Amino acid sequence: MLIEQSLKKRVDQLSKAFDAVVNFTFWVSAILLLFLALIVGYEVIMRHLFNAPTFWVLQTAGYCLAFITFFSITKILQEDGHTRMTVVLDVLPVHLVNSINRVTSLMAAIVCAVMTWRTGLSTYEGYQWDLVIWEGYKIPQYYVWWVMPFGFGCLTIQFLRMVWGYKPQRPIDSVES
């Protein structure tokens, strides 16, 4: 019984730490979205008013989009904020819907785990081989690519939590139909 309580306490601590990381990266993605809007606006002004397009905005915007995606996707999954087709699920009994959700979450966790491994391997190879991305300016590939295994790893953990009965955090302003 004591070991069970200790284990539950550790799992709760890890869960809170994971949620803190997810919340932090979500806010970073929000700041990056603002930054993206500002640099695109800057590019438009420079290109059309001063006829002096920049060399760095397009590449930076692409990197921002990758970071925004992989930093925010786990929070969106936690809040059940993604789009889904519920035509079939709406007519099924709740216990069957829960079973289907657990099976699909397990399948998604497996896919995300494979993607974590594969993108992690590619990122490591880019680091090991000193690969560089050079579209407008030079940047080591792994500076950008590390966010993919990070994002897929977080998704893997979140999908596994859903398999074990994690309930999505509904946003305060969400409406149940």
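This is a predicted model, so every value here is computed, not measured. (Residues numbered from 1 in each chain as written. Predicted model: local features only at pLDDT ≥ 70, side-chain atom pairs only at ≥ 80, totals over all residues. Heavy atoms only, no water.)

### A look at the side chain of Thr 74
Phase 1: One can find Thr 74 in helix 2 (residues 57–78).
Phase 2: You can call Thr 74 buried: its relative accessible area is 3%.
Phase 3: If sequence neighbours within four positions are ignored, Thr 74 has contacts with Phe 18, Val 22, Gly 151, Cys 154, Leu 155 and Gln 158. (Helix = DSSP H or I, 4+ residues; strand = E, 2+ residues; numbered from the N terminus. Buried < 20%, exposed > 50% of the residue type's maximum accessible area, 1.4 Å probe, protein only. Contact = heavy atoms within 4.5 Å.)

### Let's talk about the side chain of Thr 123
Phase 1: Topologically, Thr 123 is positioned in helix 3 (residues 94–128).
Phase 2: The class for Thr 123 is buried, based on a relative accessible area of 10%.
Phase 3: Polar contacts involving the side chain of Thr 123 include one to the main-chain carbonyl oxygen of Thr 119, which spans 2.7 Å.
Phase 4: Sequence-distant contacts of Thr 123, defined by excluding residues within four places in its chain, comprise Tyr 142, Trp 145, Trp 146 and Pro 149. (Polar contact = N/O pair within 3.5 Å; in protein donor to acceptor, adjacent residues only side chain to side chain.)

### Things to note about helix 3
Phase 1: Its 35 residues give helix 3 an end-to-end C-alpha distance of 50 Å, which sits within 8% of 51 Å, the value for a rise of 1.5 Å per residue.
Phase 2: Within helix 3, the full set of buried residues consists of Val 97, Ser 105, Ala 108, Ala 109, Cys 112, Thr 119, Ser 122, Thr 123 and Gly 126.
Phase 3: Considering only its buried residues, helix 3 is in contact with helix 4 (141–145) and helix 5 (147–163).
Phase 4: Directly beyond the C-terminal end of helix 3, a positive phi value near 55 degrees is found at Asp 130. (Expected span 1.5 Å × (residues − 1).)

### Overview of helix 5
Phase 1: Helix length check: helix 5, at 17 residues, gives a terminal C-alpha distance of 24 Å against a target of 24 Å (1.5 Å per residue), a fit within 8%.
Phase 2: Helix 5 sits mainly inside the fold: 13 of its 17 residues count as buried.
Phase 3: Looking at the residues trailing helix 5, positive phi occurs at Gly 165, about 105 degrees.

### A word on the environment of Thr 83
Phase 1: Following the sequence through the fold, Thr 83 ends up in the loop between helix 2 and helix 3.
Phase 2: Residue Thr 83 is classed as exposed on the basis of its relative accessible area of 77%.
Phase 3: Sequence separation between Thr 83 and Ser 29 is 54 residues, and the spatial gap between their C-alpha atoms is 20 Å.

### Looking at the layout of surface pockets
Phase 1: When its volume is computed, the second largest pocket comes out at roughly 180 Å³.
Phase 2: Elements supplying a minimum of two residues to the lining of the second largest pocket: helix 1 (2–48) and helix 5.
Phase 3: When residues of the lining of the second largest pocket are assigned to their parent elements, the largest contribution, four residues, is made by helix 1.
Phase 4: Counted by class, the lining of the second largest pocket contains six nonpolar, two polar and one charged residues. (1 Å grid on protein atoms, 1.4 Å probe; cavity = no way out; pocket = protein on both sides within 12 Å on 5 of 7 lines; lining within 4 Å. Points joined across faces, edges and corners; volume = space filled by probe spheres on them. Nonpolar A, V, L, I, M, F, W, Y, C, P; charged D, E, K, R; others polar.)

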